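# Structural overview for review
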Amino acid sequence: QQQVKQSPQSLIVQKGGISIINCAYENTAFDYFPWYQQFPGKGPALLIAIRPDVSEKKEGRFTISFNKSAKQFSLHIMDSQPGDSATYFCAASRGFQKLVFGTGTRLLVSP
Amino acid sequence: GAGVSQSPSNKVTEKGKDVELRCDPISGHTALYWYRQRLGQGLEFLIYFQGNSAPDKSGLPSDRFSAERTGESVSTLTIQRTQQEDSAVYLCASSFSRGNEQFFGPGTRLTVL
């Protein structure tokens, strides 16, 4: 029940395209859903986060879509750029507690 | 400080040796977390500190793993009698007491030969 399932494992998108990464969770007590971006040799950095009282949040080219009834949330990267090539992790937490991470998606944006 | 810092950045040790990993959180952050990231995998929670107490140690994989924190600052993660399966990147994160956003350090890459 603590798992967060993430797909796909890897993704190749052409420059200018839309990258979509999906996550699903089981624990309905989760109330915070962040996405982290990680470059090789670096720690993860928060990209965008959402709470279950909204269905969508947009920050620049990054959008989270949240479906509470389906217990799913996704990250959309619009106009994907080569600089977006990184590993993306979804996560979830309850209250101010530990993050439960998905397994990661390696994104490659081809020029 | 400007961000979470961790030391050493890399550590190579022999099987059976003890290692200590250090984390300096962002000043003012009372919450501190340790995670482990195996090659090509997601992050696994190890332990959470609020101040110098550890209300959640549920992720520590065995009694060879321990951690302590001095006040609301530095934390050390100690792995005794290291095994090859302990090889991973150990990441530290900190946050405000009632803040969701966790700020991660660059990690310590541990290799056990």
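In this report, the structure presented in the accompanying data block is examined. Fair warning: this is a prediction, and the values are worked out from it, not measured in the lab.

Procedures and definitions
Residues numbered from 1 in each chain as written. Chains lettered and ligands numbered in written order. Predicted model: local features only at pLDDT ≥ 70, side-chain atom pairs only at ≥ 80, totals over all residues. Heavy atoms only, no water. Helix = DSSP H or I, 4+ residues; strand = E, 2+ residues; numbered from the N terminus. Rg over C-alpha atoms; globule rule 2.2 N^0.38 Å. Buried < 20%, exposed > 50% of the residue type's maximum accessible area, 1.4 Å probe, protein only. Contact = heavy atoms within 4.5 Å. Buried area = accessible area lost by both parts, 1.4 Å probe. Salt bridge = Lys/Arg side-chain N within 4 Å of Asp/Glu carboxyl O. Nonpolar A, V, L, I, M, F, W, Y, C, P; charged D, E, K, R; others polar. Core = buried A, V, L, I, M, F, W, Y, C linked by side-chain atoms within 4.5 Å. Pairing = 2+ DSSP bridges. Axes fitted to C-alpha atoms, helices over the stretch in contact; angles between N-to-C directions.

Bringing the overall build of chain B into the picture now. When its secondary structure is counted, chain B shows 0 helices and 11 strands. Helices and strands appear in chain B in the N-to-C order β-β-β-β-β-β-β-β-β-β-β. Against the 2.2 N^0.38 benchmark of 13 Å for 113 residues, chain B shows a C-alpha radius of gyration of 13 Å, consistent with a compact globule. Judged by the C-alpha coordinates and their principal axes, chain B covers about 40 × 25 × 25 Å. With 113 residues in all, chain B has 49% of them scored as buried.

On the side of chain A, 19 residues touch chain B, which itself brings 21 residues to the contact. When chain B packs against chain A, close to 1,600 Å² is buried across both sides, 53% of that on carbon and sulfur atoms. Contact with chain A buries surface across chain B, with Leu43, Asn100 and Phe104 of chain B losing the most and accounting together for 35% of the total. Linking chain B with chain A are 1 salt bridge. Two residues, Lys98 of chain A and Asp56 of chain B, come together in a salt bridge whose shortest N-O distance is 3.8 Å. Secondary structure elements with two or more residues in the side of chain B that touches chain A: strand E4 (31-37) and strand E5 (43-50) of chain B. Residue classes in the side of chain B that touches chain A are distributed as 8 nonpolar, 10 polar and 3 charged.

Turning our eyes to something else, we now look at the nonpolar core. With 25 residues, the main nonpolar core has Val4, Phe33, Trp35, Phe73, Leu75 and Tyr88 of chain A as its most contacted residues. For this core, the elements supplying multiple residues, two or more each, are strand E2 (10-14), strand E3 (19-25), strand E4 (33-38), strand E5 (45-50), strand E7 (62-67), strand E8 (72-77), strand E9 (86-92) and strand E11 (105-110) of chain A. The element contributing the most residues to this core is E9 of chain A, with 4 residues. Ile26, Leu32, Leu60 and Leu110 of chain B belong to the second-largest nonpolar core, a separate cluster that totals 19 residues.

As a further point, take the pattern of salt bridges. Pairing between side chains becomes possible if they bear opposite charge and their charged atoms approach one another. Summed over all chains, the structure comprises 8 salt bridges over all chains. For Asp84 of chain A, the salt bridge identified is with Arg61 of chain A, shortest N-O distance 2.8 Å. Taken together, the positions of Asp84 of chain A in the loop between E8 and E9 and Arg61 of chain A in the loop between strand E6 (56-59) and E7 put the pair 23 residues apart, joining distant regions of the chain. Owing to a relative accessible area of 27%, Arg61 of chain A belongs among the partly exposed residues under this scheme. Salt-bridge contacts for Arg38 of chain B lead to Glu44 of chain B; the nearest nitrogen and oxygen are separated by 3.6 Å. Residue Arg38 of chain B is classed as partly exposed on the basis of its relative accessible area, which comes to 24%. Linked by salt bridges that have partners in common, Arg36, Arg38 and Glu44 of chain B make up one network.

Time to look at the sheet that holds strand E1 (residues 5-7) of chain B. All names here are of chain B. Reading across from one edge, E1-E3-E8-E7 is the order of the 4 strands in this open sheet, with antiparallel pairing throughout. Each edge of the open sheet is held by one strand with a lone partner, namely E1 and strand E7 (65-69). Between one strand axis and the next, the sheet turns through 15° on average, direction left out of account.

All right, on to the sheet that holds E7 of chain A then. Residue and element names in this part refer to chain A. The 5 strands are arranged E1-E3-E8-E7-E6 in an open sheet whose pairing can be described as antiparallel. Where the open sheet ends on each side, the last strands, each with one partner, are strand E1 (4-7) and E6. Adjacent strand axes in the sheet meet at a mean angle of 15° when their direction is disregarded. Here 4 bridges tie E6 to E7, and the two strands are oriented antiparallel to one another. Looking at E7, one finds that Lys57 is bridged to Ile64.

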